[in-house]
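Coordinates in review
Spelled out from the first residue to the last, the chains are:
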Amino acid sequence: MSLNPQYEDIGKGFVQQFYGIFDDPANRANVVNFYSATDSFMTFEGHQIQGAPKILEKVQSLSFQKINRVITTVDSQPTFDGGVLINVLGRLQCDDDPPHAFSQVFFLKANAGTFFVAHDIFRLNIHNSA
């Protein structure tokens, strides 16, 4: 395989679609469709998870309903196997909590003309300055 020349559009389109689904409480569980049953990994605030069923469990365990999200930047790079590496920086506010900066990294792996999320790393950018 070779580098995908549309990596920027793929990255931005994926981010828009992913957060559009994740941020809607009625559709949030549908983000599981982005992941492979066995070949996807998620690290959520340091907790490592493998496979779509376990990722869905994590998503459904989140207690918030409403999310206000502002995306600051989406940086994408092509990978030599036809995939796309995506880094997202932004700010989110869940329910009545104060807003927090966050970062999220996705690796979209090419699979028969489409993509799935092979790796997903999410972290709130909270610094303990005490």
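Residues numbered from 1 in each chain as written. Predicted model: local features only at pLDDT ≥ 70, side-chain atom pairs only at ≥ 80, totals over all residues. Heavy atoms only, no water.

Attention now goes to the packing of aromatic side chains. Under the definition given, this model contains eleven aromatic pairs. Aromatic pair Phe102 and Phe122: ring centres 5.9 Å apart, planes at 25°, arrangement stacked. Taken together, the positions of Phe102 in strand β5 (residues 100-111) and Phe122 in strand β6 (residues 114-124) put the pair 20 residues apart, joining distant regions of the chain. Here Phe102 and Phe122 have matching classes, each one buried. Site record: aromatic cluster; members linked through ring pairs are Phe14, Phe18, Tyr19, Phe22, Phe34, Phe44, Phe102, Phe106 and Phe122. Between Arg28 and the ring centre of Phe22, over which it is positioned, the NZ or CZ distance is 5.4 Å. (Phe/Tyr/Trp six-rings, centres within 6.5 Å; stacked < 30°, edge-to-face > 60°. Helix = DSSP H or I, 4+ residues; strand = E, 2+ residues; numbered from the N terminus. Buried < 20%, exposed > 50% of the residue type's maximum accessible area, 1.4 Å probe, protein only. Lys NZ or Arg CZ within 6 Å of the ring centre and 35° of its normal.)

Moving on to the UniProt feature "domain: NTF2" (unreviewed entry) in the protein chain. Summarizing the sequence annotation, UniProt attributes the feature "domain: NTF2" (unreviewed entry) to residues 10-124 in the numbering used throughout. This span, residues 10-124, is 20% helix and 47% strand, and a straight line between its end C-alpha atoms measures 24 Å. (UniProt positions renumbered as here; feature names shortened; annotations may be inferred.)

Below, the discussion takes up the pattern of salt bridges. Across all of its chains, the model carries three salt bridges by this definition. The residue Asp23 makes a salt bridge to Arg69 at a minimum N-O spacing of 2.6 Å. One end of the pair, Asp23, is in the loop between α1 (7-22) and β1 (41-44); the other, Arg69, is in strand β3 (residues 67-78), with 46 residues separating them in the sequence. Asp23 gets classed as buried once you look at its relative accessible area, which sits at 19%. Residues Lys109 and Asp81 are paired through a salt bridge, measuring 3.8 Å at the closest nitrogen-oxygen approach. Highlighted residues: Lys109 in strand β5 and Asp81 in the loop between β3 and β4 (84-94), separated in sequence by 28 residues. (Salt bridge = Lys/Arg side-chain N within 4 Å of Asp/Glu carboxyl O.)

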